[in-house]
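Tertiary structure, described
Here is how the chains run, residue by residue.
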Amino acid sequence: MESRGIIWFCSAIFFAFCLCQTCAFNTPKDSEFTFILPAGRTECFFQTATKNSTMEVEYQVIAGAGMDVDFTIKSPYGYYIISDFRKSDGVHTVEPTDEGDYQICFDNTFSKFSEKMVFFEVIFEGPAGEEVQDDWSNMVEPENLLEYKLEDIRDSIDSVHRRLERSMQMQTVLRAFEARDRNLQEDNLWRVTFWSSVNMLVMLVVALMQVYTLKSLFEDKRKVRT
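Thresholds, definitions, all that
- Here the residue index of a chain counts from 1 through its sequence in written order.
- A pLDDT threshold of at least 70 governs which residues receive local features in this predicted model, and a stricter bar of 80 or more applies before side-chain atom pairs are shown or counted, although totals over entire chains, interfaces and linings include all residues.
- To obtain the side-chain values, all non-hydrogen atoms of the structure were included, while hydrogens and water were left out.
- Here a helix means four or more residues in a row that DSSP labels H or I, a strand means two or more in a row labelled E, and each is numbered from the N terminus.
- In this scheme, a residue with accessible area under 20% of its type's maximum is buried, one over 50% is exposed, and one in between is partly exposed, where area comes from a 1.4 Å probe on protein chains only.
- Contacts are assigned to residue pairs with any non-hydrogen atoms lying within 4.5 Å of each other.
- Only the protein chains shown count as covering a residue, and every accessible area follows the Shrake-Rupley method with a 1.4 Å probe.
- Pairing between strands is defined by DSSP: at least two bridges between them are needed.
- Inter-axis angles, ranging from 0 to 180 degrees, are taken between N-to-C directions of lines fitted to C-alpha atoms, where helices are fitted over the stretch in contact.
- Patch membership needs two things, relative accessible area over 30% and no salt bridge, and members are linked within 9 Å if like-charged or within 5 Å if nonpolar (Val, Leu, Ile, Met, Phe, Trp, Tyr).
- Salt bridges, as used here, are contacts in which a Lys or Arg side-chain nitrogen is within 4 Å of a carboxyl oxygen on Asp or Glu.
- None of His or the chain ends enter the tally, which takes Lys and Arg as positive and Asp and Glu as negative.
- Lysine's charge is taken at NZ, arginine's at CZ, aspartate's at CG and glutamate's at CD.
- Polar contacts here mean pairs of N or O atoms no more than 3.5 Å apart (in protein, one a potential hydrogen donor and the other a potential acceptor; neighbouring residues in sequence count only if both atoms are side-chain atoms).
- Note on disulfides: each one is a pair of cysteine sulfur atoms within 2.5 Å.

A few words on the overall build of the chain. Along the backbone of the chain there are two helices and eight strands. For the chain, the sequential pattern of α-helices and β-strands runs α-β-β-β-β-β-β-β-β-α. When burial is assessed residue by residue, the chain has 30% of its 226 residues classed as buried. Sequence-distant contacts, at least 24 apart, represent 78% of the contacts inside the chain between residues at least 6 apart. Only carbon and sulfur atoms are counted for the fraction: they give 59% of the accessible area of the chain, which is about 16,200 Å².

What follows is the structure in structure tokens.
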């Protein structure tokens, strides 16, 4: 009897796994990307979204003079939904979404010489009240689950999965912040080193000029007659 219950339990888990995989193919996956935006160029990316879901787009300029870009999101029907001008980072949410391809663009045409390194992330969430998984706990009889609380197990797994995904997203964003801060520090270090060297050179030239001037004041330039 126990072996039969274990078989039923394993079968339920297998069916749930298959169902999750099927739902995963129907739902757009979260994505992240880091790229170089050349000076005077515009780069656009297309992201497919389902109807009545939530799409969150977060971007950061990691490196480049000015640390800013123009940012826009266009709907599948060609309408501008979001526009940012000369910003270094931003977080925008499109809710609810229309089914189709959204256009996410980064514009660096205002910069003639400096390229930018840009990181952005797209996060999807299903419609409010919609469950990703069906009620697969009803696929087996309760008495055949060896007194396991299948509903509690599913809720715990879902909670852990959501928290892990959120943790990965936060770590990705923090890495982008760290990369931007490191680039700023390296740029500032170069500036400080350059101007310190210039000041040192100027001080050395002034010191040599002062020594030469003082020395010339004490020189006896009168001719001695013999």
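Picking up after the structure, the text goes on.
Pairing is antiparallel across the open sheet formed by four strands, whose spatial order is β2-β7-β4-β5. Pairing within the sheet leaves two strands with one partner each, and these edge strands are β2 (42–49) and β5 (80–87). Taking each pair of neighbouring strands and ignoring which way they run, the sheet shows an average axis angle of 15°. Note: strand β4 (residues 69–74) against β5, five bridges, orientation antiparallel. Bridged to Ile-73 within β5 is Ile-82.

What follows is about a negative patch on the surface. A cluster of acidic residues, Asp-30, Glu-95, Glu-125 and Glu-165, forms a negative patch on the protein surface. Classification of Glu-165 by relative accessible area gives partly exposed; the value is 34%.

Turning our eyes to something else, we now look at the environment of Asp-107. With respect to the helices and strands, Asp-107 occurs in strand β7 (residues 100–107). Taking the C-alpha atoms as reference points, Asp-107 and Gly-40, separated by 67 residues in sequence, lie 8.0 Å from one another. Those residues in contact with Asp-107, other than ones at most four positions away along the chain, are Leu-37, Arg-41, Thr-42, Val-69 and Asp-70. A distance of 3.0 Å separates polar atoms of two side chains, one belonging to Asp-107 and the other to Thr-42. In terms of polar contacts, Asp-107 uses its side chain to reach the side chain of Thr-109, at 2.8 Å.

Okay, the state of the cysteines next. Taken as a whole, this structure holds one disulfide when the rule is applied. Linked covalently through their sulfurs, Cys-44 and Cys-105 form a disulfide whose S-S length is 2.1 Å. Negative torsions about the S-S bond denote left-handed disulfides, and the value of about 110° found for Cys-44 with Cys-105 makes this one right-handed. Residue Cys-44 is found in strand β2, and its partner Cys-105 is found in strand β7; the two are separated by 61 residues along the sequence.

Examined against the element boundaries, Glu-125 turns out to sit in strand β8 (residues 116–125). Remark: the alpha-carbon pair of Glu-125 and Glu-95, spanning 30 residues in sequence, is separated by 9.8 Å. When residues no more than four places from it in sequence are discounted, the contact partners of Glu-125 are Ser-53 and Thr-54.

This next bit is on the sheet that holds strand β1 (residues 31–37). The strand order across the open sheet built from four strands is β1-β8-β3-β6, with neighbouring strands paired in antiparallel fashion. For this open sheet the edge positions go to β1 and β6 (89–94), each flanked by a neighbour on one side alone. The average undirected angle you get between the axes of adjacent strands in this sheet is 15°.

Counting across every chain of the model gives four salt bridges. Arg-41 is paired through a salt bridge with Glu-43; the nearest N and O atoms lie 3.1 Å apart. Residue Asp-68 pairs with Lys-116 through a salt bridge whose shortest N-O separation is 3.2 Å. Residue Asp-68 is located in the loop between β3 (54–63) and β4, and its partner Lys-116 is located in strand β8; the two are separated by 48 residues in the primary sequence.

With an omega of -10°, the peptide bond running from Glu-95 to Pro-96 counts as cis. By the element assignment, Pro-96 lies in the loop between β6 and β7. Backbone geometry at Met-67 places phi at a positive 50°, although glycine is not the residue there. Looking at the secondary structure, you find Met-67 in the loop between β3 and β4. Of note in this structure, Arg-86 is not a glycine but carries a positive phi near 50°. Looking at the secondary structure, you find Arg-86 in strand β5.

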